[in-house]
Amino acid sequence: RHAVCIFYLVLRALDTIEDDMTISLDIKVPMLHKFHSYLYQPEWKYMESKEKDRQVLEDFPTISREFRNLSKVYQDVISDICHKMGIGMAEFLEKKVDSQHEWDKYCHYVAGLVGIGLSRLFSASELEDPIVGQDTELANSMGLFLQKTNIIRDYLEDQLEGREFWPREVWSRYAKKLSDLAEPENIDMAVQCLNELITNALHHIPDVLTYLSRLKNQSVFNFCAIPQVMAIATLAACYNNKQVFRGVVKIRKGQAVTLMMDATNIQAVKAIMYQYVEEIYQKIPSTDPSSNKTQQVIASIRAMSLPGSPMASRHHYSPIYLSCAMLLAALSWQYLSTISKATEEYVQAGEN
């Protein structure tokens, strides 16, 4: 718990530096590169930020002290992820997401690294087996699936705030400018672009299911599974939906609560994934350019989600235990949503 808390606060401080438009690039880039070293400098703090979260920089000695009080195995993970994320932030300060490869790279820096870091913390705590932290490809996919879902859903909000996260390689096939997709006369092409990006995101689900099937600790499972089922429900709501370009598409609160209550074992998560990819399948337009690819990825998810598929099963837990676990589950969803949303905004400086 303490390691995850400090991990969040350290990344929050790093992100606050990146977000601060009053810091010139010649100062900001070296700070991002060196930020991990400040964890070991008891007196380091930054008092000149104008960001709303500047307290984490002004009181950084408190955070760094608690960091140094953690076990060395936790310190090593947090410092390493902080170092890699700082380098990634600096890289994307002055460039936009162009190719699909760069989209994956950007999402890796802002969310995949969080998934990798958390996985390494789970293993270091011995709550989970070493393979959970060692298999960085699966952990990366956990972060990418969440990040891509947020980027897809938040198209209009990002446009209104001058941010662009959809990869040019995809949207340029449907419009001259990304902002053109919001124009009513372009809605058909916009929805086709949307469907292609959702299809791209769906490719991460097999990795997500494999990752979750390895988890043994109930609290860790809830922490990891709840955001993933929220994401697939969100993608199902967004698929082939013109409303993405007109306002905010969100799942209902009651639907969210049901998902939180149900996503407590791998068989339940597989059933939820199956339900929502079937919902997407039923909405695939025959004329959609990505229809074949969408059908193919859904077929692969079906194969993993059907009862009797070759994945480790989990036991069901008692209602009393699950009631005790719900507070953690709610906090974990809010935590991951906050991290994903906060890091998603970090290239705004380079784009403005």
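Residues numbered from 1 in each chain as written. Predicted model: local features only at pLDDT ≥ 70, side-chain atom pairs only at ≥ 80, totals over all residues. Heavy atoms only, no water.

Engineer: What should I look at first to understand the overall build of the chain in this one?
Structural biologist: Each helix and strand counted, the chain has 18 helices and zero strands in total. Intrachain contacts of the chain at a sequence separation of at least 6 include 76% that bridge at least 24 residues. As presented, the chain carries roughly 15,400 Å² of accessible surface, and 53% of it is formed by carbon and sulfur atoms. (Helix = DSSP H or I, 4+ residues; strand = E, 2+ residues; numbered from the N terminus. Contact = heavy atoms within 4.5 Å. Areas by Shrake-Rupley, 256 points an atom, 1.4 Å probe, with all protein chains shown as cover.)

Engineer: Please clarify how helix 4 (residues 60-69) should be interpreted in this entry.
Structural biologist: Residues spaced three or four apart along an α-helix face the same direction, because each turn holds 3.6 residues. Among the residues of helix 4, those classed as buried are Phe60, Pro61, Ile63, Ser64 and Phe67. Buried residues of helix 4, viewed axially, fall in a sector of 160 degrees; they line one side. Residues of helix 4 that are buried make contact with helix 1 (2-19), helix 2 (25-38), helix 3 (55-58) and helix 5 (72-91). (Buried < 20%, exposed > 50% of the residue type's maximum accessible area, 1.4 Å probe, protein only. Arc of directions from axis to C-beta.)

Engineer: Which parts of the structure should I look at to understand the packing of aromatic side chains?
Structural biologist: How two aromatic rings sit relative to each other is set out by the distance from centre to centre and by the angle between their planes. Following the criterion strictly, the structure yields 13 aromatic pairs and no others. Through successive ring pairs, a cluster of aromatic residues spans Phe35, Tyr38, Trp44 and Phe60. The ring centre of phenylalanine 92 lies 4.7 Å from the NZ or CZ of lysine 95, which sits over that ring. The ring centre of tyrosine 281 lies 4.3 Å from the NZ or CZ of arginine 302, which sits over that ring. (Phe/Tyr/Trp six-rings, centres within 6.5 Å; stacked < 30°, edge-to-face > 60°. Lys NZ or Arg CZ within 6 Å of the ring centre and 35° of its normal.)

Engineer: So what exactly am I meant to see when it comes to helix 8 (residues 136-153) here?
Structural biologist: Helix length check: helix 8, at 18 residues, gives a terminal C-alpha distance of 26 Å against a target of 26 Å (1.5 Å per residue), a fit within 8%. In terms of residue burial, helix 8 counts as a mostly covered element, since 15 of its 18 residues are buried. (Expected span 1.5 Å × (residues − 1).)

Engineer: Would you mind showing me how to read the nonpolar core here?
Structural biologist: In this structure, Phe35, Trp166, Leu181, Leu202, Tyr211, Leu212 and Phe245 are the most contacted members of the largest nonpolar core, which totals 115 residues. Ranked by residue count, the leading element in this core is helix 13 (residues 218-238), at 14 residues. Mapping this core onto the domain boundaries places at least three of its residues in each of domain 1 (1-95) and domain 2 (153-313). Leaving out residues up to four positions away in the same chain, leucine 181 has contacts with Tyr155, Trp166, Trp171, Tyr174, Ala175, Met189, Ala190, Cys193 and Phe245. (Core = buried A, V, L, I, M, F, W, Y, C linked by side-chain atoms within 4.5 Å. Domains from an automatic or database assignment.)

Engineer: Help me out: how do you make sense of the packing of helix 6 (residues 100-124) against helix 8 in this one?
Structural biologist: Running from N to C, helix 6 and helix 8 point in directions that differ by 125 degrees, and their axes come no closer than 7 Å. With respect to their mutual orientation, helix 6 and helix 8 come out oblique. Crossing hand, helix 6 versus helix 8: right-handed. Two secondary-structure elements touch here, helix 6 through Trp103, Asp104, Tyr106, Cys107, His108, Val110, Ala111, Gly112, Leu113, Gly115, Ile116 and Ser119 and helix 8 through Thr136, Ala139, Asn140, Gly143, Leu144, Gln147, Lys148, Ile151 and Ile152. When the residues that make up the contact of helix 6 with helix 8 are grouped by side-chain class, the tally is eleven nonpolar, eight polar and two charged. (Axes fitted to C-alpha atoms, helices over the stretch in contact; angles between N-to-C directions. Parallel < 35°, antiparallel > 145°, perpendicular 65-115°, else oblique. Left-handed = near helix turned anticlockwise from the far one by under 90°. Nonpolar A, V, L, I, M, F, W, Y, C, P; charged D, E, K, R; others polar.)

Engineer: Is there a simple way to think about the packing of helix 1 against helix 6 in this case?
Structural biologist: Axis angle and axis distance: for two packed helices, these are the angle between their axes and the distance between the axes, and together they describe the pair. In contact at an axis separation of 11 Å, helix 1 and helix 6 are set at 155 degrees when each is read in the N-to-C sense. The angle between helix 1 and helix 6 falls in the class roughly antiparallel. Where helix 1 crosses over helix 6, the handedness of that crossing is right-handed. Mapping the contact onto sequence places Ala3, Val4, Phe7 and Leu11 in helix 1 and Val114, Gly117, Leu118 and Leu121 in helix 6. Each residue belonging to the contact of helix 1 with helix 6 can be placed in one class, and the counts come to seven nonpolar, one polar and no charged.

Engineer: Is there a simple way to explain the pattern of salt bridges in this structure?
Structural biologist: A side chain with one charge may pair with a side chain of the opposite charge, provided their charged atoms come close. According to the stated counting rule, one finds 22 salt bridges in the structure shown. Residue aspartate 53 pairs with lysine 52 through a salt bridge whose shortest N-O separation is 4.0 Å. For lysine 52, a relative accessible area of 71% gives the class exposed. With a shortest N-O distance of 2.4 Å, glutamate 278 and arginine 302 are connected by a salt bridge. One end of the pair, glutamate 278, is in helix 15 (residues 266-282); the other, arginine 302, is in helix 16 (residues 291-305), with 24 residues separating them in the sequence. (Salt bridge = Lys/Arg side-chain N within 4 Å of Asp/Glu carboxyl O.)

Engineer: Got a minute to help me understand the environment of lysine 293 in this structure?
Structural biologist: Turning to its location among the elements, lysine 293 is positioned in helix 16. When the C-alpha positions of lysine 293 and histidine 203 are compared, they lie 9.9 Å apart, and in sequence the two are 90 residues distant.

Engineer: Where do I start with the confidence of the model for the chain in this structure?
Structural biologist: Reading fine detail from the predicted coordinates is not recommended where pLDDT is low. In the predicted model, the chain carries a mean pLDDT of 89, and 87% of its residues have values of at least 70. Note that pLDDT drops below 50 for residues 342-352; the model gives that stretch 45 contacts with residues more than four away or on any other chain. (pLDDT = per-residue confidence, 0-100.)

Engineer: Sorry, what's going on with unusual backbone geometry here?
Structural biologist: Glycine aside, a negative phi is what most residues show, and trans is what most peptide bonds show. Of note in this structure, glutamate 126 is not a glycine but carries a positive phi near 70 degrees. Topologically, glutamate 126 is positioned in the loop between helix 6 and helix 7 (130-134). When its relative accessible area of 70% is taken as the criterion, glutamate 126 is described as exposed.

Engineer: It is not clear to me how the environment of isoleucine 87 should be interpreted in this structure. Could you clarify?
Structural biologist: Counting through the fold element by element, isoleucine 87 comes out in helix 5. For isoleucine 87 and proline 30, which are 57 residues apart along the polypeptide, the C-alpha to C-alpha distance reads 9.4 Å. Every residue in contact with isoleucine 87, bar those within four places of it in the chain, is listed here: Leu32 and His33.

Engineer: Teacher, can you tell me more about the side chain of histidine 36 here?
Structural biologist: Here histidine 36 lies in helix 2. A polar side-chain atom of histidine 36 sits 3.3 Å from the main-chain carbonyl oxygen of histidine 33. (Polar contact = N/O pair within 3.5 Å; in protein donor to acceptor, adjacent residues only side chain to side chain.)

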